[in-house]
Every structure is written in structure tokens, then in C-alpha cells.
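Now for the letters of each chain:
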Amino acid sequence: MNQLNIYLSNLEHNYKFLQRNLNSETNLIAVVKASAYGSALPAIAKRLEKLGVNIFAVAYSNEGKTLRKIGVKSRIMVFYPQAYGLDDIIDNKLEACLYSVNLLKEFREKLILKKLKNFPIHIKYNTGLNRLGFNPSYCDWIVNQLKDDTFALKSIYSHLAVSQAKKEMKLNKHQIESFLQLREKHLKISKITPKFHLLNSSGLFNFPEYQFDAVRCGIALHGFANRPEWDKKLKPVAELISSISQIHIVKKGEYVGYDFGWKVSKETKIATIPLGHADGICRRLGNHKGTVSINGKIAPIVGNVCMDMFMVDVTKISCDEGDVVYVFGKENSISDLALTADTISYELLTAIGPRVKRVIYE
Ligand SMILES: *Cc1c(COP(=O)(O)O)cnc(C)c1O
């Protein structure tokens, strides 16, 4: 038995917590890319829409198409459109976030060819993450491109590179300063007044004074904000559970798992759990890094994580085959698990594979 339990009441708690921390004029853009951070996109999107979300965001256009298929009526931003996905954006009434000269020109030509006007778009600036986005020096060029009625500019935004780090950090200060200047310049040289936004989840916790017109929250809806003191205000939505397939007694001097993963130094009770790296239990969690919780006790993962299963040391735990194993959730926080595996909650959550059944709790 493997289950990713999705607690929609916790999603609601997180959404309401975020809403309470927003200024009355600030909108919450619900980021549901990567199947709602690896959880269960239909259930998450529908509940958020019911709670009042009127704008979603995804990474790629096919994700927006999926949201439309599910029946989402709200606006949908596509953060990272690729040239091949522009038709999907048009056909599914999605909103493209344009980040480069080539992409903007291509989209513009497409719209003109299809005789479409006032198509909603967003402009993304690169202020220091150096991933995607227009260089701020393109401001005048962009404003020029918006002069006819091909595009309807909905918002202008940028993305922080270290939003969870100290407020005073130089890069944070630089990005905020650069965004403030861009905002001022746009408002000055253009008659259009789009919305402005800069913050993701940890950004909202760290810089509530820079909410502008919207914030883009993803991970916080799922219960995390990249600092323990912020995580405490939220509730984890996803809980991964499994059950013990088999228990072995392994003798002193024998090995557990592939490639002589772990040599036992005394007689040891080993439980095998039917989840592997194909299910998102990354190999970095093996060899005494990650732990699971069984009957209220902590059991370390021993040896190398296999594709379809992993083993834990349950010598000191009274347990039987079939007993429930808590991989992460309330009992074993995914942010702690991420720390031990040298990664972040985002990676562990989005890696949960399709073999794991999603079970929704209202
Ligand atoms: C993914 C993403 C977000 C959401 O970030 P969280 O840290 O999950 O809140 C916001 N903005 C952009 C541009 C993103 O790509």
C-alpha cells in the first residue's frame, strides 16, 4: 500500500493564512505547476477556485491546457511559454508571460496572423536571477511593442533569487531596487497601468511591504515557506504513507541492499518498504540519511534506495509486516527530510511518481 494523502482542509488553512497576510488590494496568484507541486492537480485547483482564487499560474502551456480540461474557468498565466506552445496558449485562452525578444516577436506575429487583438500577456524582467526575463534595459523597446492593440498587458513582474535569505542580503536589495525603478519607469512612459508583482511564498513572508498588486504563491499553499519559523504557521497538505512488505533478521557481517550498501555490525531487524527512487524516494536519502516513522518510532533508511523499494532498520521497533510507514507528513516533516538529503521540499514533493495513489481528504 502506497498513498499520497492530500488534505484539502490544510490547503484551505494555508490559503486563508496567506490571504490574512495580504493587503486588501493584493491578489493571490495560485501557482499550481508540476501537477500542483506533485500532489493532485484537479483536487487542488478546484478547491482553490472554490476558495476564491481567480488566477492560476503554471510553468508550461500543456499544464494550462490540462487545467482547462479539468474545468478551471479562472485566468491562467503560463510562466515559461516555449515557441511550440504558443498555439496552445491561444486555443486554451491562457495568458503568456513573455520573457525574450524572440518569443515576444513570434507571439506577436502569430496573433496578427490570426487577427486576434488585445491578447492578455505579462512581461517578465530579469533583475538578478539570470534565468529568464528581459533585461531592464529593454523597457523602452517593450513599451513600444505594446503601442498597438495586439497585446493587452496585464502585469509586469520579476522573480527573486534568494527570497528566503536575509532581507538585507545584497542581491535581494538589488532586485527590489531594480524592480521599483522598472515600475516607476513603466508608469511614467506608458499610458497603460498593468499590475506589478515580485514575491513568491518566502518573499511574502520576508518582504510583506513589497506585495504590490499580487503575490505568486506555490509552496506555501502546500505548507512550506523555506524557513522553520514560517513553516510553523502552515500545515502540510501531502502525507506519504506506505506499509512494510517484509521483515528480515540479518546476521552480523551480512549486507543490506545493492552494492553492499550497508554491512550490519550486529544482528539487525530490517523492514522493506515498497517505495523506491522511481516513486521519488531519492537515493540521497539512503545510507542512514533519511528516516521514516513506524509505530511512532524513527527508523533510518539503510543501504542504497532501490528503484522499487528501500530498507529501514527496525531493530528497536516493535512492528509487523503490513504496519503503516509514515515517509513524510505530520510525523516526519518533508523540510527536515529535504535537509538530510541535501535538497529542498520542492524537489521531494514534485518527484513523487505516478505509481503512488493520490487519496483526497476533504
Ligand atoms: C514557481 C514560481 C513561483 C512560486 O514559488 P513558490 O516558492 O513555490 O511560492 C512564483 N513565481 C515564479 C515565476 C515561479 O516560477
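Residues numbered from 1 in each chain as written. Predicted model: local features only at pLDDT ≥ 70, side-chain atom pairs only at ≥ 80, totals over all residues. Heavy atoms only, no water.

(A) Up close: the site of the ligand. The local shell around the ligand holds 14 residues, among which Lys33, Tyr37, Tyr80, Ser201 and Tyr346 are the closest. Taking Arg216, its side chain carries an N or O atom lying 2.8 Å from a nitrogen atom of the ligand. Here Ile219 contributes a backbone N or O atom positioned 2.8 Å from an oxygen atom of the ligand. Considered on its own, the ligand offers 390 Å² of accessible surface; in the complex 97% of this is hidden by protein. Placement of the ligand is best described as lying within the largest pocket. Broken down by secondary-structure element, the contributors of at least two residues to the shell around the ligand are helix H2 (33–38) and strand S9 (214–217). Residues of the shell around the ligand, tallied by class, amount to seven nonpolar, four polar and three charged. (Near = heavy atom within 4 Å. Polar contact = N/O pair within 3.5 Å; in protein donor to acceptor, adjacent residues only side chain to side chain. Areas by Shrake-Rupley, 256 points an atom, 1.4 Å probe, with all protein chains shown as cover. 1 Å grid on protein atoms, 1.4 Å probe; cavity = no way out; pocket = protein on both sides within 12 Å on 5 of 7 lines; lining within 4 Å. Sits in = over half its atoms within 2 Å of the grid points. Helix = DSSP H or I, 4+ residues; strand = E, 2+ residues; numbered from the N terminus. Nonpolar A, V, L, I, M, F, W, Y, C, P; charged D, E, K, R; others polar.)

(B) Molecular detail of the packing of aromatic side chains. Using the criterion set out here, one finds 17 aromatic pairs in the structure. Measuring from ring centre to ring centre gives 5.8 Å for Phe79 and Tyr80, while their planes differ by 55°; the resulting arrangement is tilted. You'll find Phe79 and Tyr80 in the same group, each marked buried. Relative to Phe151, the ring of Phe107 lies with its centre 6.2 Å away and its plane at 25°, an arrangement referred to as stacked. (Phe/Tyr/Trp six-rings, centres within 6.5 Å; stacked < 30°, edge-to-face > 60°. Buried < 20%, exposed > 50% of the residue type's maximum accessible area, 1.4 Å probe, protein only.)

(C) Spotlight on helix H8 (residues 170–189). For H8, with 20 residues, the first-to-last C-alpha span of 28 Å sits near the 28 Å given by 1.5 Å per residue. If you check which residues of H8 are buried, you get Asn172, Gln175, Ile176, Ser178, Phe179, Leu182 and His186. Burial along H8 is one-sided: seen end-on, the buried residues are contained in an arc of 165°. Exposed side of H8, more than 90 degrees from the buried face: Lys170, Lys173, Gln181, Glu184 and Lys188 are the residues found there. Looking at the buried positions of H8, the neighbouring elements they touch are strand S6 (119–125), helix H7 (139–145), strand S7 (151–158) and strand S8 (195–197). (Expected span 1.5 Å × (residues − 1). Arc of directions from axis to C-beta. Contact = heavy atoms within 4.5 Å.)

(D) Quick look at the layout of surface pockets. Each pocket or cavity is described by its volume, and for the largest pocket that value is around 1000 Å³. Residue lining of the largest pocket: 44 residues in total, with Ile219, Asn226, Ile344, Ser345 and Tyr346 positioned closest to the centre. At the level of elements, H2, helix H9 (201–206), S9, helix H10 (228–231), helix H11 (334–340) and helix H12 (345–350) are the ones that each hand at least two residues to the lining of the largest pocket. Across the lining of the largest pocket, the residue classes break down as 20 nonpolar, 15 polar and nine charged. Built from parts of two domains, the lining of the largest pocket gets at least three residues from each of domain 1 (8–223) and domain 2 (238–361). Asn27, Ile55, Arg75, Lys154 and Lys195 are, among the 14 residues lining the second largest pocket, the residues nearest its centre. Those elements that provide at least two residues to the lining of the second largest pocket are strand S2 (27–31), strand S4 (75–78), S7 and S8. (Points joined across faces, edges and corners; volume = space filled by probe spheres on them. Domains from an automatic or database assignment.)

(E) Seen up close, unusual backbone geometry. Positive phi, normally seen in glycine, also occurs at Lys115, with a value near 55°. Within the secondary structure, Lys115 is located in the loop between helix H6 (101–113) and S6. Despite not being glycine, Asn287 has its phi angle at roughly 55°, a positive value. Tracing the backbone through its elements, the reader meets Asn287 in the loop between strand S14 (268–273) and strand S15 (291–294). The class of Asn287 is partly exposed, set by a relative accessible area of 36%.

(F) Highlighting the packing of helix H1 (residues 8–20) against helix H3 (residues 41–51). Close contact between H1 and H3 brings their axes to 10 Å; oriented N to C, the two are set at 45°. What the angle tells us is that H1 and H3 run oblique. Crossing hand, H1 versus H3: right-handed. For the pair H1 and H3, contact is made by Leu8, Ser9, Leu11, Glu12, Tyr15 and Lys16 and by Ala43, Ile44, Arg47, Leu48 and Leu51, respectively. Residue classes in the contact of H1 with H3 are distributed as seven nonpolar, one polar and three charged. (Axes fitted to C-alpha atoms, helices over the stretch in contact; angles between N-to-C directions. Parallel < 35°, antiparallel > 145°, perpendicular 65-115°, else oblique. Left-handed = near helix turned anticlockwise from the far one by under 90°.)

(G) View of the sheet that holds strand S1 (residues 3–7). Spatial ordering of the open sheet is given by S11-S14-S17-S16-S15-S18-S10-S1-S19, a layout of nine strands whose pairing is mixed. Strand pairing shows two members of the sheet lacking a second neighbour, strand S11 (246–250) and strand S19 (357–361), which therefore form its edges. Going from strand to strand, the sheet's axes swing by 35° on average, the running direction of each strand aside. Here strand S16 (residues 297–302) runs beside strand S17 (residues 310–313); their pairing, made up of two bridges, is antiparallel. Opposite Ile301, over in S17, you have Val312 as the bridge partner. Of the strands in this sheet, S1 and S19 are in contact with H1, which crosses S1 at around 45°. (Pairing = 2+ DSSP bridges.)

(H) Structural context of the pairing of strand S18 (residues 324–328). In this structure, strand S10 (residues 238–243) lies alongside S18, joined through four bridges in antiparallel fashion. Bridge pairing links Ser242 to Val325 in S18. Here two bridges tie S15 to S18, and the two strands are oriented antiparallel to one another. Bridge pairing links Ile294 to Val325 in S18.

No statement about biological role is implied by the geometric values presented.
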